[in-house]
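Structural overview for review
The lines below spell out each chain.
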Amino acid sequence: MLILIVVHILFLHVTGSNNPLGIKVNREKVPFHTYYTIKDLVGVFIFLFIFAVIVFFYPTAFIDPNNYLVRDSIDTPIHIKPEWYFLFAYTILRAIPNKTGGVVMLVLSVLILFTVPIFNKRKFVRIRFYPVSQVLFWCFFTTFVILRWVGTKGTDYPFDFLRKLCTFNYFLYFFFVPICNFMWDWVLLGGINLTVKNS
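Residues numbered from 1 in each chain as written. Predicted model: local features only at pLDDT ≥ 70, side-chain atom pairs only at ≥ 80, totals over all residues. Heavy atoms only, no water.

So, on to the confidence of the model for the chain. On average, residues of the chain score 83 in pLDDT, and 85% of them reach the 70 mark or higher. Averaged over each element, pLDDT in the chain is lowest for helix α1 (residues 2–15) (79) and highest for helix α4 (residues 99–111) (93). A low-confidence stretch, residues 194–199 (pLDDT under 50), is modelled with 0 contacts involving residues beyond four sequence positions or located in other chains. (pLDDT = per-residue confidence, 0-100. Helix = DSSP H or I, 4+ residues; strand = E, 2+ residues; numbered from the N terminus. Contact = heavy atoms within 4.5 Å.)

So, on to the packing of aromatic side chains. In the structure shown here, the tally under the stated rule is 16 aromatic pairs. Ring centres of F137 and W138 lie 5.1 Å apart, and the angle between their planes is 75°; this geometry places the pair in the edge-to-face category. Exposure remark for W138: the relative accessible area of 52% places this residue in the exposed category. Measuring from ring centre to ring centre gives 5.5 Å for F175 and F176, while their planes differ by 65°; the resulting arrangement is edge-to-face. One aromatic cluster in this structure is built from F88, F140, F144, Y170, F171, Y173 and F174. (Phe/Tyr/Trp six-rings, centres within 6.5 Å; stacked < 30°, edge-to-face > 60°. Buried < 20%, exposed > 50% of the residue type's maximum accessible area, 1.4 Å probe, protein only.)

Tracing the backbone through its elements, the reader meets T143 in helix α6 (residues 131–150). Residue classification places T143 among the buried residues on the basis of a relative accessible area of 8%. Excluding residues within four positions of it along the chain, T143 makes contact with C166, N169 and Y170.

Before going further, it helps to examine α4. What sets the pattern is the α-helix's 3.6 residues per turn: residues three or four places apart point alike. The terminal C-alpha atoms of α4 lie 18 Å apart, and with 13 residues this matches the ideal 18 Å at 1.5 Å per residue to within 8%. N-cap assignment for α4: the residue whose side-chain oxygen lies 3.3 Å from the backbone N of T100 is N98. (Expected span 1.5 Å × (residues − 1). Polar contact = N/O pair within 3.5 Å; in protein donor to acceptor, adjacent residues only side chain to side chain.)

What follows covers the packing of helix α3 (residues 87–95) against α4. Helix-helix packing: each pair is described by the crossing angle between the helix axes and the interaxial distance. At a closest axis distance of 8 Å, the pairing of α3 and α4 adopts a crossing angle of 150°. Here α3 lies roughly antiparallel to α4, going by the angle between them. Considering the relative orientation of α3 and α4, their crossing is right-handed. Contacts between α3 and α4 involve F88, A89, Y90, I92 and L93 on the former and, on the latter, G102, V103, M105, L106, S109 and V110. Looking at the contact of α3 with α4, its residues break down into 9 nonpolar, 2 polar and no charged. (Axes fitted to C-alpha atoms, helices over the stretch in contact; angles between N-to-C directions. Parallel < 35°, antiparallel > 145°, perpendicular 65-115°, else oblique. Left-handed = near helix turned anticlockwise from the far one by under 90°. Nonpolar A, V, L, I, M, F, W, Y, C, P; charged D, E, K, R; others polar.)

The following block contains the structure:
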């Protein structure tokens, strides 16, 4: 990891950082050493302070209270839930009634995240030029949060319906975003040829 950090800093020092618009302009660049070094040190110290407060004063803040119950080898707990970072995949697993289909969808829910760089062929660097993609991104974020929340709930009616709806929306996002980006690029960069006549 340290080697990757050194290589990243080396490339950042040699080529410089880009601006928010993604345009490569060498004028008005901020020097690396004083600005970025101090900014990163402030971020590191804030993180270490918050981390130390949690570790020393609230060590059980992120632990499930059921972990403190005495284990019973005869009874299985009513509701088993994974850690928070696996809740979205666990919810997708529970949304499919077929066990094999649920496992396949669970694996696909993780593997589909690796397809984002492959199908992200936008002409502009930033998402601010794609308003439809911005709306879809925030819908995906909301779906992801709801998937994690529903993963902690039971199997009764409203949660089961939400689980299936959010699973459908989760996979639909990865289908629609490349299409919307392609259509938006087509409209902005070449699909509509407007010629201005000199008068």
